[in-house]
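A closer look at the structure
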Amino acid sequence: MRLLVIIIFIFLSYSSTAQKKSAYVNGRIIDDNEHPMASISVTILGRQSGTVTSDSGTFRIKVPVDKAFALVFSSSGYRSEQRNFLLSDNEEENITVRLEHSGKILETVVVTNDKGRNENGLTRINPKNALVLPSTVGGVEGLIKILVGSNNELTSQYSVRGGNYDENLIYINDFEIFRPYLVRNGQQEGLSFINPELTRNISFYNGGFQAKYGDKMSSVLDIQYKKPKALDGSVYVSMLEQGFHLEGSSKNDRFTYLFGVRNRTNKDLLSSQETKGSYVPSSADLQAFFTYKINEKTQLELLGIISGTNFSLIPQSAQKSSAVFSPLFTANIGLDIFFEGQENDKYNTNMIGLSLVQQISKKVRLKWMASRFEDNEKENFDITGTYLFGERDFDKSQPTFGQIVNPLGAGIYQNYARNNLNIDVWNLSHKGSYDMGRHFIQWGIGVDHTIIHDKLNEWEYQDSAGYSIPFSINSINLSNVLKSNADLTIDKFSGYVQDNIRLGDTSREITLQSGIRYNYNSLNKEFLVSPRLQLSYKPRWHKDVILKLAAGIYDQPPFYRELRRYDGTLNTGLLSQKSYQFVAGFDYNFKGSDRPFRLTTEAYYKGMWDVVPYDIDNVRIRYFGTNSAKAYATGIETRLFGELVKDAESWLSVGIMQTKEDLDNDYYYTYKNAAGEVITSQSLDQVVKDSIRTDVGYVRRPSDRLLTLGLFLQDYLSTNKNFKVHLNMIYGSNMSYNLPNNPKYRNALIIEPYIRVDIGFSALLLSEKSFRRSHSPFKSFENIWASFEVFNLIDRANTISYQLIKDFANDTFSIPNRLTPRLLNFKLLARF
């Protein structure tokens, strides 16, 4: 009996000691879009018991102590995930697990989900691709440029279907975003306005968009920032850019916060350009988005953005070269410039927006918004260039290699500017929707109050071979002078109403989107009405095809740059540019090699009147300031989306386009002497006996480009997905460039085709599946990636513009301004 008592006592003591040993694993389960996943099974491998996640995706499970074990996370339609652990007594491990769709479910989503497919011109972009894109610009705009084409890797701006940069709308959480206006070239630009780390959804419309979107003629980029559910963050460092973001929510999920800080310097990128000197570019921004749920039906949202860019340059010298080919001779033309002076530019933009969202019922949703946008820009430069122009020796065996051996011209030029621009835009607006089942009605109304203070003091002096241009015996003249002071106040009233109507059944669905938009501008007293219609039809075919049509009126009221003429004066009576647009296309889902693919094609025609002609020099747009042209743009675009390798999205975009314009009074005269011979610039002393007037008619617009091709490709090692490669390729055929003040040769210069290939290699240094003890310094990190990028892989010297130089005989030569050569970049990205 005594022995039995001792055995029982020892057993109870051991059991008591064992019960004191405990460890726990806490965590959160999210999906591909970082949304929390409820009711996910969490079990210990080899056991039947376990737990499931809560509605917020969190779990807590008691686990064995001092021995290895594994947790298995599973749910129907998702790939099971396994994590291995070895925990000590009283140790707790906190993890985040991301479940991916299984192949079967992914196929269903891609092939049969028609959400967004029936909207004309809509492309939805995965914001995660913006983080891995190898590009000097990077971000969301870098992805857009693959779709629509580009001719400048230094700018985040883009043109769509024959339009220019000013014809694109950008929204962040329904607030319209504006860009700086005085920027002359891409090297002065800083950060993109959109922070991809904060982005949840990207919707890009490249034409034929709905009435709910504002008054521009080309495209809409609609960005939605995240509304986080749990604490997360990231930090990244590269040779060009550094950034940090943090997101989270309160325990009751009533308050959420999201903010990001970025800093960028293009010094390494710019130092490799043709113009050598001291470049000091810097750009930084702070963005924050907060939400507060007042009750179950009402929520407050606050968006704030502070952005600043400084650009300083002390140029020293530049060597430019161009090959000249003709039936008579071939020569390598060179231009050597030696500089004095400097440039200092500042661009500061701030934006704050407050919105109140009311979910009145399941059918009615209201949103009230107020915002203020502020733009302060200063442009200061005083640079003198002394140049020698002529034939350059490229024979390496000669002592004169690289030097100009046959001078054709020499001179001095000086560029001076003290420009200041201040813009304030105040906005009050309201949006609402009413879901009636087959009818989904949306409406909106808004008022903008814009205040513009503008002061320009800019001039240019040119001296060729000791003579100032334009030449005068009695005085020294400046070749170009802009002096202007402007104070403008503009009120704009706009609104819309549209109805999205669903007809037919599930096997043959018809969607009709009809709407009308109005706009009134107090500056030119113009009231505009723009009807728009979109139609999509899914026939009962064996193939998964959706047919689409769109038509509408798209107007663009003048803002700031359109008002200013070449001489600096303002045309406050300038009318809106107007267009009618027709779009027809299809959307086709299919499978290839058991993987989902999507093919979209759209043909379009855009007729424009009351057009304000313009010239583009690098990224600077200079308008004529008059409604003195009509134009058109027509073309076809096709895009293929899919997975060339499993779980790695890629796409190919091909566009063919033609856009031309016909300016009012664009004619020139050809003069002949008594013998009927044409009088040239070398024979101006002859007597004119006859003249012939030639009307120019339609000519290429500055944005005209026949062929564009973009490729975004992702791949990985077949034996290890943790090693990936990302390829970004853009091709654009030649573009036109204008000779100023010359109707005969309007847009007659040709910029050679733009070809750009960027590639990036990524390696996962720290995985979610990696074994990490609680005392590990990387315990809180979800993953860490390292990337090595090669910009301009083929080292092509693309041309962005021309510098026009006169020789001793007063003939004009065009010397190309080149973009960036090959450059290497390294990036480290960590998520926690």
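Residues numbered from 1 in each chain as written. Predicted model: local features only at pLDDT ≥ 70, side-chain atom pairs only at ≥ 80, totals over all residues. Heavy atoms only, no water.

**Considering the overall build of the protein**
Just so we agree on the cut-off: Starting at the N terminus, helices and strands are each numbered in turn, a helix being any DSSP run of H or I of at least four residues and a strand any DSSP run of E of at least two. In this treatment the radius of gyration is a C-alpha quantity, and the globule benchmark scales as 2.2 Å times the residue count to the 0.38 power. Any two residues whose heavy atoms approach within 4.5 Å at even a single point are treated as in contact. With residues, only the protein chains shown are counted as cover, and all accessible areas are computed by Shrake-Rupley using a 1.4 Å probe. For the charge count, each Lys or Arg is scored as positive and each Asp or Glu as negative, with His and the chain ends excluded. Charge coordinates come from a single atom per side chain, which is NZ of Lys, CZ of Arg, CG of Asp or CD of Glu.
The number of helices and strands found in the protein is 5 helices and 44 strands. Whereas a compact globule of 832 residues would reach a radius of gyration of roughly 28 Å, the protein reaches 31 Å, a difference of no more than 12%. Its C-alpha atoms put the protein at 140 × 70 × 55 Å along the principal axes. A separation of at least 24 residues holds for 67% of the contacts in the protein among residues at least 6 apart in sequence. For the protein, the accessible area works out to roughly 37,900 Å², and carbon and sulfur atoms hold 57% of it. If you average the places of the 94 positive and of the 90 negative side-chain charges in the protein, the two averages end up 8 Å apart.

**Concerning the sheet that holds strand β5 (residues 69-74)**
Stated precisely, the cut-off is as follows: Note: two strands are recorded as paired if DSSP finds a minimum of 2 bridges between them. Only the stretch in contact is used when fitting a helix axis, every axis being a line fitted to C-alpha atoms; angles between N-to-C directions are given from 0 to 180 degrees.
The strand order β3-β2-β5-β6 describes an open sheet built from 4 strands, whose pairing is antiparallel. In the strand order of this sheet, the two ends are held by β3 (50-52) and β6 (81-85), each with one partner. On average, each strand axis in the sheet is tilted by 20° relative to the strand beside it, whichever way the strands run. Pairing geometry for strand β2 (residues 41-44) and β3, over 3 bridges, is antiparallel. Note on β3: the bridge partner recorded for T43 is G50.

**Here's the deal with the sheet that holds strand β7 (residues 92-98)**
As summarised here, the arrangement of the 3 strands in space is β4-β1-β7, forming an open sheet in which the pairing is mixed. Of all strands in the sheet, those with a lone pairing partner are β4 (58-63) and β7, marking the two edges. Looking at each pair of strands side by side, their axes are set apart by 25° on average, direction ignored. Sheet topology places strand β1 (residues 23-30) next to β4; 6 bridges connect them, and they run antiparallel. Bridge assignment links G27 to a residue of β4, and that residue is F59.

**Things to note about the pattern of salt bridges**
The test is simple: The term salt bridge refers to a pairing of a side-chain nitrogen on Lys or Arg with a carboxyl oxygen on Asp or Glu at a separation within 4 Å. Accessibility here uses a 1.4 Å probe with only protein chains present; expressed as a share of the type maximum, an area under 20% marks a residue as buried, one over 50% as exposed, and anything in between as partly exposed.
Applying the stated rule across the entire model yields 36 salt bridges. For K226, the salt bridge goes to E247, with nearest N and O atoms at 3.2 Å. One end of the pair, K226, is in the loop between β12 (219-225) and β13 (232-238); the other, E247, is in strand β14 (residues 241-249), and 21 residues separate them in sequence. With a relative accessible area of 4%, E247 lands in the buried category. The salt bridge partner of K578 is D610, with a shortest N-O separation of 2.8 Å. Placement of K578 in strand β27 (residues 577-592) and of D610 in strand β28 (residues 595-611) is noted, with a sequence separation of 32 residues between them. Given a relative accessible area of 9%, K578 falls into the buried group. Among the residues examined, D610 registers a relative accessible area of 22% and is labelled partly exposed.

**Side note on the packing of aromatic side chains**
The line we're drawing: Two rings from Phe, Tyr or Trp (for Trp, the six-membered ring) form a pair when their centres sit within 6.5 Å of each other. Planes less than 30 degrees apart are called stacked, planes more than 60 degrees apart edge-to-face, and all others tilted. Should the NZ of a Lys or the CZ of an Arg lie within 6 Å of a ring centre and within 35 degrees of the ring normal, that charge is described as sitting over the ring.
Under the criterion given, the structure shown has 33 aromatic pairs. A ring pair is formed by Y171 and Y213, whose centres lie 5.9 Å apart and whose planes are at 45°; its orientation type is tilted. With a gap of 42 residues between them, Y171 in strand β9 (residues 168-172) and Y213 in the loop between β11 (199-205) and β12 connect regions that are remote in the sequence. The exposure classification of Y171 matches that of Y213, with both residues buried. Between F178 and F559, the aromatic rings sit 5.7 Å apart at their centres with planes inclined by 15°, giving stacked as the arrangement. Of this pair, F178 sits in the loop between β10 (175-176) and β11 while F559 sits in the loop between β26 (544-556) and β27, and the two are 381 residues apart along the sequence. For the residue pair F178 and F559, the accessibility class agrees, reading buried in each case. Directly above the ring of Y171 sits K431, whose terminal nitrogen or CZ lies 5.7 Å from the centroid. Between the NZ or CZ atom of R693 and the centre of the ring of Y667, over which it lies, the distance is 3.7 Å.

**So, the environment of V757**
Examined against the element boundaries, V757 turns out to sit in strand β40 (residues 754-766). Once the C-alpha coordinates of V757 and I177 are considered, the two residues, 580 residues apart in sequence, prove to be 30 Å apart. In this view, V757 contacts L727, N728, M729, V790, F791, N792, L793 and I794; residues no more than four positions away in its chain are not counted.

**Concerning the confidence of the model for the protein**
Condition: pLDDT is a per-residue confidence score from the predictor, ranging from 0 to 100.
A residue-level look at the protein finds 91% of positions with pLDDT of 70 or above and a mean pLDDT of 85. Under a pLDDT of 50 for its full length, residues 1-19 has, in the predicted model, 0 contacts with residues more than four places off or in other chains. This stretch, residues 103-113, has a pLDDT under 50; its non-local contacts, to residues over four places away or in other chains, come to 15 contacts.

**Observations regarding the environment of D382**
Convention followed: Side-chain atoms alone can form a polar contact between residues adjacent in sequence; in general such a contact is a pair of N or O atoms within 3.5 Å, and within protein one must be able to donate a hydrogen while the other accepts it.
Structurally, the position occupied by D382 is in strand β19 (residues 364-392). Taking relative accessible area as the criterion, D382 reaches 27% and is therefore assigned partly exposed. Each C-alpha atom, one on D382 and one on A763, is 47 Å from the other, the two residues being 381 residues apart in sequence. Excluding anything up to four places from it in sequence, D382 contacts E340, G341, Q342, Q414, N415, Y416 and R418. A polar contact is formed between the side chain of D382 and the side chain of Q414, at a distance of 2.9 Å.

**Details of the side chain of Q556**
Residue position: Q556 is located in strand β26. Here Q556 falls in the buried class, since its relative accessible area comes to 1%. Here the side chain of Q556 touches M217 through a polar contact of 3.3 Å, landing on its backbone nitrogen. Residues in contact with Q556, not counting those within four places in the same chain, are D166, E167, D215, K216, M217, E562, S576 and Q577.

**Notes on helix α4 (residues 139-148)**
Counting buried positions along α4 yields 10 of 10 residues, so the element is predominantly enclosed. Listed in full, the buried residues belonging to α4 are G139, V140, E141, G142, L143, I144, K145, I146, L147 and V148. Positioned one or two residues after α4, G149 has a phi angle of 95°, which is positive.

**Topic: a nonpolar patch on the surface**
As a reminder, the rule being used: Each patch is assembled from residues with relative accessible area greater than 30% and no salt bridge, linking like charges that lie within 9 Å and nonpolar side chains (Val, Leu, Ile, Met, Phe, Trp, Tyr) that lie within 5 Å.
Taken together, the side chains of M239, F761, L765, F788, L824, F826 and L828 make up a nonpolar region of the molecular surface, amounting to roughly 650 Å² of accessible area. The set of elements that each furnish at least two residues to the nonpolar patch consists of β40 and β44 (823-831). Per element, the largest residue contribution to the nonpolar patch is 3 residues, and it comes from β44. Classification of M239 as partly exposed rests on a relative accessible area of 40%.

**Considerations on the pairing of β12**
For β12, a buried count of 6 out of 7 residues is recorded, marking the element as mostly surrounded by other parts of the structure. Taken together, the 5 bridges between β9 and β12 define a ladder with parallel strand orientation. Within β12, the position partnered with Y171 by the bridge is D222.

**Here's the deal with the side chain of R517**
Within the secondary structure layout, R517 lies in strand β24 (residues 509-521). Of the residues examined, R517 reaches a relative accessible area of 7% and is grouped as buried. Side-chain polar atoms of R517 contact the side chain of D215, separated by 3.2 Å.

**So, the nonpolar core**
As a reminder of what qualifies: Remark: nonpolar core denotes a set of buried residues (Ala, Val, Leu, Ile, Met, Phe, Trp, Tyr, Cys) joined through side-chain atoms within 4.5 Å.
L221 and Y225 are the most contacted members of the largest nonpolar core, which has 55 residues in total. No other element matches α4, which puts 6 residues into this core. Discounting chain neighbours no more than four positions away, the residues touching Y225 are I172, N173, F193, I194, N195, L198, T199, R200, L258, Q287, F289 and L303.

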